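# An overview of the molecular structure
Here is how the chains run, residue by residue.
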Amino acid sequence: MPRVGWRKPESDRRLSDAVSVGVLMRVFPPGLVDEVIEATGRREQRNRQLPARAMAYFAIGMALHTDGSYEDVASLVTDGLAWAERDEMPARLANKAAISHARTRLGAEPVKELFCRAAKPLVAQGAPESFLAGRRLLALDGTCLDVPDTPANEAHFGRPGTAKGERAAFPQARMVAVAECGTHAITDAEVVPYTVSEAEASSSVLARLAPGVLCLADRGIYSHTAWQNAAATGADLCWRVRANLKLPVIEALEDGSWISEIYDSVNDRKRQHPTRVRVIEYSLDDGRDNEETYRLITTIFNPEEADALQLAAAYTQRWEIETAFDELKTHQRGARGVLRSAKPELVYQEIWGHLCCHYAIRVLMYEATAGSGRDPDRASFITALHISRRTIAQQGAFSP
């Protein structure tokens, strides 16, 4: 029961209003869905009970309603589309087998392409919590998702071992993603089998960076090749590196950082082709006896643009992507800790549906807090998720 004098925050009321116009079609309009279906060659050749457009929304709706059956989610999607298109004829309810066939016809590519076309950074230039030295703060990291233990999934994805030499309970898919630090919106991703390393999976994501951003990454991402390829995009980088990486002082800078050089340890053992970096080294006084030392390297060489303290503070925002992963894997996925698709192609479709769903909720959270002075990544994702589920669960909840 609410406390006496308690009022729902203004941003939460605005969020409810925003979601009420249709959580899916607002962020992924039918015109965009149709373009993607056409571009990926999944346009059906004859009229079907579950056309490709409906199944694209179904893939996202399935991520929003992880506890719902196939039939429940399909009913919500088809009813919502019929209401939006002013179709007064009720759709015939499809059974689970028909829905599975329709999912297979659609495949993963349209849902992936829908995410790739729609997912963009949200914060306007100049927001202090989202930019440093005029560069948008993005964080890159990887995570894994359990997939159903079927022969097809195990053969395709593989599964990790355990400390005792046994196999993990489930096969896993690996996801490497980029998130906007100021909003937790995941704006790019790559999904691969577990047997593909995080470094290999991250290479394609790094190649899609662009000028005007500052990419933050943990030490698991670093290699000389990855650094060079990411820097070649024109993006700026600030990555943590392992403590035993040799970083000699070539030029000491006034803020305590220094210029150093890194090399390709495999192809340049004689160190004839150095890459210059700026190094920031620091520790946190958190009361522990053994303080951990952090070593960052960056492509921002001028301390007047961003000094060592600013870069160290910015690096802490790398953890924002961990929060985004937690939102997707713990709250959005809910009690269903394992994805539901028994075939690899549908696993990919399901994961891209989850990414679309998370992005849609984050867009609406950003719109709800815009202009209120409230930091969008401090709004409640759980509240937004619950509102979204209640809204889409109502017949006719999709916006015209």
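This text follows the structure it describes.
### Section: the overall build of the chain
Along the backbone of the chain there are 13 helices and 10 strands. Among the 400 residues that make up the chain, the fraction classed as buried is 52%. A separation threshold of at least 6 residues defines the contact pool for the chain, and within that pool the share at least 24 residues apart is 66%. A total accessible area of about 18800 Å² is found for the chain, and carbon and sulfur atoms account for 49% of it.

### Examining the environment of G31
With respect to the helices, strands and loops of the structure, G31 is situated in helix α2 (residues 30–39). On the basis of relative accessible area, G31 is assigned to the partly exposed category, the value being 41%. C-alpha of G31 to C-alpha of R53: the two residues are 22 residues apart in sequence and 9.7 Å apart in space.

### Describing the nonpolar core
Counting 84 residues, the largest nonpolar core has F28, F115, I186, I351, L355 and Y359 as the members making the most contacts within it. Apart from residues no more than four positions distant in its own chain, F28 is found in contact with V33, Y57, I60, L114, A118, C356, Y359 and A360. In terms of nonpolar packing, the next biggest core, distinct from the first, is built from 29 residues, Y222, A235, V241 and L245 among them.

### Re the environment of A210
Secondary-structure assignment places A210 in the loop between α8 (198–207) and β5 (213–217). Along the sequence, A210 and A230 sit 20 residues apart, while their C-alpha atoms lie 8.9 Å from each other. With residues near it in sequence (within four places) discarded, A210 still touches T233, G234 and A235.

### Comments concerning the pattern of salt bridges
In the structure shown here, the tally under the stated rule is 21 salt bridges. With a shortest N-O distance of 3.5 Å, E35 and R117 are connected by a salt bridge. Of the two residues, E35 is situated in helix α2 and R117 in helix α6 (residues 109–118); the sequence distance between them amounts to 82 residues. Under the relative-accessibility criterion, R117 is labelled partly exposed at 33%.

### Examining the pairing of strand β10 (residues 293–298)
Judged by how many residues are buried, β10 sits mostly within the fold: five of six residues are covered. Examined bridge by bridge, strand β6 (residues 236–240) and β10 share three bridges and lie antiparallel to one another. Looking at the pairing, R240 lines up with L296 of β10. Of the pairings in the sheet, the one linking strand β9 (residues 275–283) to β10 comprises six bridges and is antiparallel in character. Note that in β10 the partner of I280 across the bridge is L296.

### Observations concerning the side chain of T233
For T233, the position within the fold is in the loop between α9 (224–231) and β6. Here the side chain of T233 touches A230 through a polar contact of 2.6 Å, landing on its backbone oxygen. Separated by 3.3 Å, the side chain of T233 and the backbone nitrogen of A235 make a polar contact. Setting aside residues no more than four positions away along its own chain, T233 makes contact with L206, A207, L209, A210 and P211.

### Here we look at the packing of helix α11 (residues 320–332) against helix α12 (residues 344–369)
One way to put it is that α11 packs onto α12 with a least axis distance of 11 Å and a crossing angle of 110°. Judged by the inter-axis angle, α11 sits roughly perpendicular to α12. You can see that α11 and α12 cross each other, and the crossing is right-handed. Packed against α11, whose contacting residues are A324, E327, L328 and Q332, the element α12 presents H354, L355, C357, H358, I361 and R362 at the interface. The residue inventory of the contact of α11 with α12, partitioned by class, reads five nonpolar, three polar and two charged.

### Examining the side chain of T66
The topology assignment puts T66 in the loop between α3 (52–64) and α4 (70–84). Reaching out from T66, the side chain makes a polar contact with the backbone oxygen of R333 at a distance of 3.0 Å.

### Things to note about the pairing of β9
Pairing between strand β8 (residues 258–262) and β9: five bridges, direction antiparallel. Note that in β9 the partner of I262 across the bridge is T275.

### Some words on α2
Within the span of α2, buried status applies to L32, V33, D34, V36 and I37. Looking one or two places after α2, you find G41, whose phi comes out positive at around 70°.

### Structural notes on the packing of aromatic side chains
Counted by the stated rule, this structure contains five aromatic pairs. Centre to centre, the rings of W227 and W239 are 5.2 Å apart; their planes meet at 90°, and the pair counts as edge-to-face. A residue pair is termed long-range when its members are at least 10 positions apart, and W227 in helix α9 and W239 in strand β6 qualify at 12 residues. Classification of W227 as buried rests on a relative accessible area of 1%. Where Y282 meets Y294, the ring centres are 5.2 Å apart and the plane angle is 10°; that geometry is what we call stacked. Taken together, the residues span a long stretch of sequence, with Y282 in strand β9 and Y294 in strand β10 at a distance of 12 residues. Residue placement shows K96 over the ring face of Y70; its charged tip is 5.7 Å from the ring centre.

Criteria and thresholds
- Residues numbered from 1 in each chain as written.
- Predicted model: local features only at pLDDT ≥ 70, side-chain atom pairs only at ≥ 80, totals over all residues.
- Heavy atoms only, no water.
- Helix = DSSP H or I, 4+ residues; strand = E, 2+ residues; numbered from the N terminus.
- Buried < 20%, exposed > 50% of the residue type's maximum accessible area, 1.4 Å probe, protein only.
- Contact = heavy atoms within 4.5 Å.
- Areas by Shrake-Rupley, 256 points an atom, 1.4 Å probe, with all protein chains shown as cover.
- Core = buried A, V, L, I, M, F, W, Y, C linked by side-chain atoms within 4.5 Å.
- Salt bridge = Lys/Arg side-chain N within 4 Å of Asp/Glu carboxyl O.
- Pairing = 2+ DSSP bridges.
- Polar contact = N/O pair within 3.5 Å; in protein donor to acceptor, adjacent residues only side chain to side chain.
- Axes fitted to C-alpha atoms, helices over the stretch in contact; angles between N-to-C directions.
- Parallel < 35°, antiparallel > 145°, perpendicular 65-115°, else oblique.
- Left-handed = near helix turned anticlockwise from the far one by under 90°.
- Nonpolar A, V, L, I, M, F, W, Y, C, P; charged D, E, K, R; others polar.
- Phe/Tyr/Trp six-rings, centres within 6.5 Å; stacked < 30°, edge-to-face > 60°.
- Lys NZ or Arg CZ within 6 Å of the ring centre and 35° of its normal.

None of this, on its own, says anything about what the molecule does.
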